Every structure is written in structure tokens, then in C-alpha cells.
Amino acid sequence: MRRWSELAERVAATTRTSEKTGLLAEYLRSLDPADLPTAAVFLTGRAFAETDQRATGLGWATMATAIGAVAGVDRETLREAYDRFSDLGLAVEDVLVRVGHEPDPAISPTLREVSAAFEAIERASGPAAKAEILRPLLARCDPRTARGVVKVLSGDLRIGLREGLVEAALAKAFDRPIDDVKRAGMLTGDVGRTALLARDDVLASAGLTLFHPLKFMLASPAENAEEIVRRLGPLVWVEDKYDGIRAQLHKRDDVVRLYSRDLHDVSAGYPEVVEAARALPWDGVLDGELLGMRDGVVLPFVALQARLGRKKPPPELLADVPVVYVAFDLLGLGPGRGAPVQPTLDRPLEERRRLLASMELPLVGAGGAFALSRLASAGSAEALEMAFAEARARRNEGLLVKDPRSPYTPGRRGYGWLKMKKALATIDCVVVGVEVGHGKRHGVLSDYTFAVRDETNDRLVTIGKAYSGLTDAEIAAMTRWFEDHTISRHGRYRVVEPTVVVEVAFDVILRSARHKSGFALRFPRIARLRPDKAASDADTLATVERLFEELQPGAERLVTAAARVSAAPPVGTTASLALKVRRAARTDG
Ligand code: AMP
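Here is what the cut-offs are and how they apply
- Residues numbered from 1 in each chain as written.
- Predicted model: local features only at pLDDT ≥ 70, side-chain atom pairs only at ≥ 80, totals over all residues.
- Heavy atoms only, no water.
- Helix = DSSP H or I, 4+ residues; strand = E, 2+ residues; numbered from the N terminus.
- Rg over C-alpha atoms; globule rule 2.2 N^0.38 Å.
- Buried < 20%, exposed > 50% of the residue type's maximum accessible area, 1.4 Å probe, protein only.
- Contact = heavy atoms within 4.5 Å.
- Areas by Shrake-Rupley, 256 points an atom, 1.4 Å probe, with all protein chains shown as cover.
- Lys, Arg positive; Asp, Glu negative; His and termini not counted.
- Charge placed at Lys NZ, Arg CZ, Asp CG, Glu CD.
- Near = heavy atom within 4 Å.
- Polar contact = N/O pair within 3.5 Å; in protein donor to acceptor, adjacent residues only side chain to side chain.
- Nonpolar A, V, L, I, M, F, W, Y, C, P; charged D, E, K, R; others polar.
- Pairing = 2+ DSSP bridges.
- Axes fitted to C-alpha atoms, helices over the stretch in contact; angles between N-to-C directions.
- Phe/Tyr/Trp six-rings, centres within 6.5 Å; stacked < 30°, edge-to-face > 60°.
- Lys NZ or Arg CZ within 6 Å of the ring centre and 35° of its normal.
- Left-handed = near helix turned anticlockwise from the far one by under 90°.
- Salt bridge = Lys/Arg side-chain N within 4 Å of Asp/Glu carboxyl O.
- Domains from an automatic or database assignment.
- Buried area = accessible area lost by both parts, 1.4 Å probe.

**Q** So what's going on with the overall build of the protein chain? Which residues, and what values?
**A** Across its full length, the protein chain carries 22 helices and 21 strands. Computed over its C-alpha atoms, the radius of gyration of the protein chain comes to 24 Å, within 12% of the 25 Å expected for a compact globule of 589 residues. Per-residue burial over the protein chain gives 55% buried out of 589 residues. In the protein chain, the share of contacts with a sequence separation of at least 24, taken over all contacts with a separation of at least 6, comes to 71%. For the protein chain, the computed accessible surface area is about 24,600 Å², with 53% contributed by carbon and sulfur atoms. Looking at the protein chain, you have 83 positive and 80 negative side-chain charges, and the mean spots of the two groups are 2 Å apart.

**Q** Can you break down unusual backbone geometry residue by residue, with the values?
**A** Going from Gly233 to Pro234, the amide bond is cis rather than trans, its omega being 10°. With respect to the helices, strands and loops of the structure, Pro234 is situated in the loop between helix 13 (225-232) and strand 2 (236-241). In this structure, Asp253 is a non-glycine residue whose phi angle is positive, near 50°.

**Q** Give me the lowdown on the site of the ligand, citing residues and values where you can.
**A** Contacts to the ligand come from 15 residues, most closely from Arg246, Glu289, Lys419, Lys421 and Lys533. Asp240 places a polar main-chain atom, nitrogen or oxygen, 3.1 Å from a nitrogen atom of the ligand. Every element with two or more residues in the shell around the ligand is listed here: strand 2, strand 11 (398-402) and strand 12 (413-421). Broken down by class, the residue content of the shell around the ligand amounts to 4 nonpolar, no polar and 11 charged.

**Q** Report on the sheet that holds strand 11, specifying residues and quantitative values.
**A** As a general point, the strands of a sheet are linked pairwise by backbone hydrogen bonds and lie either parallel or antiparallel. If you walk across this open sheet you meet the 5 strands as 1-12-11-2-10, and the pairing is mixed. Looking at which strands have only one partner, the edges of the open sheet turn out to be strand 1 (218-221) and strand 10 (375-378). Sheet twist, expressed as the average angle between the axes of neighbouring strands with direction ignored, equals 40°. Here 4 bridges tie strand 1 to strand 12, and the two strands are oriented parallel to one another. When the sheet's bridge partners are listed, Ala219 is paired in strand 12 with Gly414.

**Q** If you had to explain the packing of aromatic side chains to someone new, which residues and values would you point to?
**A** Applying the stated criterion to the full structure yields 9 aromatic pairs. A ring pair is formed by Tyr408 and Trp417, whose centres lie 5.9 Å apart and whose planes are at 85°; its orientation type is edge-to-face. Each of the two residues, Tyr408 as well as Trp417, counts as buried. On the basis of an interplanar angle of 70° and a centroid distance of 5.3 Å, the ring pair of Tyr448 and Phe482 is categorised as edge-to-face. Here Tyr448 is found in strand 14 (residues 445-454), whereas its partner Phe482 is found in helix 19 (residues 472-484), with 34 residues between them in sequence. Neither residue differs from the other here; Tyr448 and Phe482 are each classed as buried. Taken together, the ring pairs in this structure connect Trp4, Phe42 and Phe118 into an aromatic cluster. For Lys251, the ring lying beneath its charged end belongs to Trp282, and the centroid distance is 5.6 Å.

**Q** Please give an account of the packing of helix 13 against helix 18 (residues 381-393) that cites residues and values.
**A** Running from amino to carboxyl end, helix 13 crosses helix 18 at an angle of 115°, the nearest separation of the two axes being 8 Å. Here helix 13 runs over helix 18; the crossing is right-handed. Contacts between helix 13 and helix 18 pair Ala225, Glu226, Ile228 and Val229 from the former with Ala381, Leu384 and Glu385 from the latter. Split by residue class, the contact of helix 13 with helix 18 holds 5 nonpolar, no polar and 2 charged.

**Q** If you had to explain the pattern of salt bridges to someone new, which residues and values would you point to?
**A** Applying the stated rule across the entire model yields 42 salt bridges. The residue Arg459 makes a salt bridge to Asp454 at a minimum N-O spacing of 3.1 Å. Since its relative accessible area comes to 34%, Arg459 is described here as partly exposed. On the basis of relative accessible area, Asp454 is assigned to the buried category, the value being 5%. Of the charged contacts, one joins Glu503 and Arg528 as a salt bridge, the two residues approaching to 3.6 Å between their closest N and O atoms.

**Q** Help me get a handle on the domain arrangement of the protein chain, residues and values and all.
**A** You'll often see interface size given as the accessible area lost when the parts meet. Along its sequence, the protein chain is organised into domain 1 (46-154), domain 2 (218-420) and domain 3 (425-553). If you average the C-alpha positions of domain 2 and of domain 3, the two centres end up 28 Å apart. Each partner contributes to the interface: domain 2 provides 15 residues, whereas domain 3 provides 15 residues. When the buried surface of domain 2 facing domain 3 is broken down by residue, Pro221, Glu223 and Arg261 rank first, second and third, together holding 42% of it. For the pair domain 2 and domain 3, the interface holds 1 salt bridge. The greatest single-element share of the side of domain 2 that touches domain 3, amounting to 3 residues, is contributed by strand 12. The residue inventory of the side of domain 2 that touches domain 3, partitioned by class, reads 4 nonpolar, 3 polar and 8 charged.

Next comes the structure, spelled out in C-alpha cells:
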């Protein structure tokens, strides 16, 4: 583990990507196959592989308890060190150096021992039990090794080395084509497994494994219709952007499972969909959105929220908020039940959709629990704006604009899919600081400072501050969460663990030196919490730069088109629009 920590430090100290890749490649090539997967996964800033459902469940407070016990310092000393470095790994190293922590190098833990300790921490229940495993592990580490261990553990606090860089290093280390490594990476969702496949020269054997969820393909935000058509056109596909819950459906024989965006098995929460899929005459993997629908009418997201996170919904809730599965993509298909499932990911969307449309699905219209996303095509910016207005009139959030030639790229936010939503842009940000509010919000932490991801420098950079536009109940729950996850306090302001993602609406992006990102938002307001997203899903500085460019000329036309719809919503379609308008009104100013 000491060698891993030294390597990570050298990589971090180099700014040139080619040098980083070179250092990593040399290191990865030198490893024993038993250590290679662990080293590769740790290098992406994770204790477990991305598609592994496990997490250590260690919060800042628990880590601080263990570190404090090893170093013999109090919480305040650690907080001060954290404030100096804004990095828990560096803070721990500093504290341990200052107290002269120098264990015998012979007992320094190996990568395998660290990995085994992480697994034990995951299995232990409760913070005290977890801290009791972390403490002796850290006690065996010299300061530099401890820094590495803590950096991996706080992977959700900071963004680790990007997966792309580790994949490039694997390609270089074992002299394999980068595209082969990337493809295997997308299919396995596990950089450790990919590392072994690259080493053994069997990357092509990476396949789709049923009941191992693939990462979801993501969409990049875009607002300007002309720009979208220029980028994806001349002919683009447009689908309604449903305001539901993303889910991947896996089926083999009569076993059906649904996975959430964060790759957890949520099947038990949606029994009507699971039941409806069981008897179908195919095996395969679908991508789609769970939507609340009663008597053919789509229910607003607030209704569906009652089902979110419910492991066993009671019969009344099932009757009140029935859910259907709106399929929009096909990731793998077997010709019949029990036949091997072939991945369809690499085929163009056009072909995947044709296959999807030919599959037997019990559709809502015929009393089933499935639907296909509404699909149309647009050949000009005007047609796209019209489609956007129509999608809004159907009570949907906006559009997903897709390139019919594009493959399905798991985990990538590329330009194959663009999302066009609401009259004004929104970006997903990570809350990094909170303050108590004013007036009726004086007792609660309702003012949030938020940040986007600067991928180039592997850090979070602030972009704005907004009074929360959440409900009182949400603010109360978030206040408790932030109190438990405060890293340090500076008067009214608290630095918090950067894990909460919020969707922030704004009017205009401005260049500004006020925030670290170099940008500020005019009239920012928190549109909603995004518990389905992790910090690594937040939007990037590059996206903000692009939106800044795009939102300049031409954007008004889109806004005007959507504003017309909001001003005169057709009868019977007002629920979700009204909700959004109310939210915006409450948080403006
Ligand atoms: P956002 O959640 O704002 O990042 O927007 C992307 C999300 O829109 C996806 O993750 C899906 O959950 C959702 N979505 C709704 N309708 C569609 C659709 N037709 N195609 C793809 N994604 C969709």
C-alpha cells in the first residue's frame, strides 16, 4: 500500500497527462495479478469497483474518530488541518507527521490487507464497529500510507483519478488498443476486472452479464436548438424527457430485476413491473424510465416520489401510485428464454430501437405495465423547438435529443444524447457549504453554496450560492444531514461533505471572479434535490463553459417558445408545470 500511495502522490504532482499515464502504466505493469485489480480500483478513488454494490459506509465523523484515536489528537486539531488542505488525506498525513507516528515498516499493510479491511468495514454495522476496524489499520500505516488509505476511503468526498486515465494507462502498460480497453471498461463497469482482461489479452471476452447492471448512458445538457441540430443533425431523433426514475431492467426466464441509476437492485419496490415482465418470451436488458401512471394519465413526479426508496410498498400505495416502465433502449437481447443474451450496445440507436419495437411488451394501452418512449424526428431548429413545446404541453420536462447513429455508451455523458429541458437551463451541482437562513429560516441550514466538477484539475469549484427552494420538510431533513456531515465551521458557514447533488436553475451564466469556477449564475435557485445522483454525476466546468457560449445568442427563441406553453397550458396538463412555476416563484429573489 505504501508503494501505491507514493505512486498516487507522484501522479498527482505531475500536470502532464502523458507523464501521468506513463507513471501509472509502469506501476500497473509491475504488479502481481492478485494485486492489479485492487490497485486499479483504488486509483479511481474507490474502495470497491463502480458496479460493485458495496460501500464502506464510513462518514467523515467516523473516519475522524479513528484518525483521532491513532494520532492522539482531538477533532478540532483534525478540523484545523483539514481547513488548511481541504483534503482529508493530506490532513491525516500532516497530523500523523506532527505527532511523530512512525510504526515499524515491517507491519505496513499490503494492498490485499487494505482491501480486506475495507470489506470488513463494509460488513460491520454501525459507526463504532467500523471505526474499530479502521483504527488498527491506520495504526500500522506510516503517514504517507495513511494518506493513501484515507484518500481512497474519502473517494466520495473528493474525485479520484479519472477512470479514463487509468484505462489509458492499462492500454499502455499491456500494449492493448485503447478502444478495446474502453469497451471492456464500459461492459464490466469494473476497472479491476478490465485490468486483468487487458493483462491476459482477453479484452474481447468482456460481455454483458445478466444481473450485473451496466452504467447508464448519460445526456449532456443543451439549450440552443440550432447548436443541437448542427452537432447531431441533419436529422435528429427526439423523445419526450419523462420526469420519472431511471431504471435498467434485466430478465432471464422468469427472473426480472430492476436497477437504479446508482446500480442498486430496486426490484422489490416496483412489483407490478417485475410481475408484468416475468412471462415475456425473451431474455435481455432494457433501459427506461419508471413513471407513475393511473388510468392512462401520467402522475407528477411528486406522486412518484412516494414510491422512491420504498423497499416494500404497501398495497394502498401500489393502488394509489401505479408504476409503468417506459422503455427507450435495448442493451442486450437473447432470441428466446434461456438463450444467450448478446450485447446490442455497439449497434446504432436506429437498430436498437427497431429491435426494441419488435419485442413483445405488455403495453399500458392493453392493461400492461410497459410503454415505449414517444419518438419523433426533427430536421431543423424550428422543428426541434416545436417538438420541445409539444413535449412540455404533454407535461414532460423537455426533450432527449438523440443521434440515431450513436452507440450506447455506458457511463459516458457524450454528445450522442442531449437533454433539452425547461425554459431555462439547470445544472447539477454538489453542495460544498451551508449556512443558516434568515427570517423564518433562521434555525435551519437553508443557504447552500454549490460547485461543479473541474475535471482537468480533479476538484470541485464553486459556482454559486442560493437560498434553498426546497420544501420545509426537505430543508429540515437536509439540516439534520448537514449537521451530521459538517467538516468544519467558520462562523455561520459550514464546510460539508460534498456528496449532496442539487439541480440548480438560473437565468444567465456570467463570467465572474467571485467563485472559483470563474463563473456565476444570475438568479440561481435550487430546483430540487437529486438523491439519485452522486457527486461524480454533477455537471462539469466544461459543460458550464459550453452553456455559457450557447446561452448567448439564439437562446431567447427557445425560452420564448417554452414560455408560451407555460403561459397557456392546455387544459388538464397543468399539474407539473404549475408545480415548477410555484417552485420558481418561491425561490426567486
Ligand atoms: P437528468 O436527470 O436531468 O440528468 O436527465 C437525464 C435523465 O432523463 C436520464 O437519466 C433519464 O432518467 C431521463 N429520461 C427521461 N426520458 C428519457 C428518454 N426518453 N431517454 C433517455 N433518458 C430519459
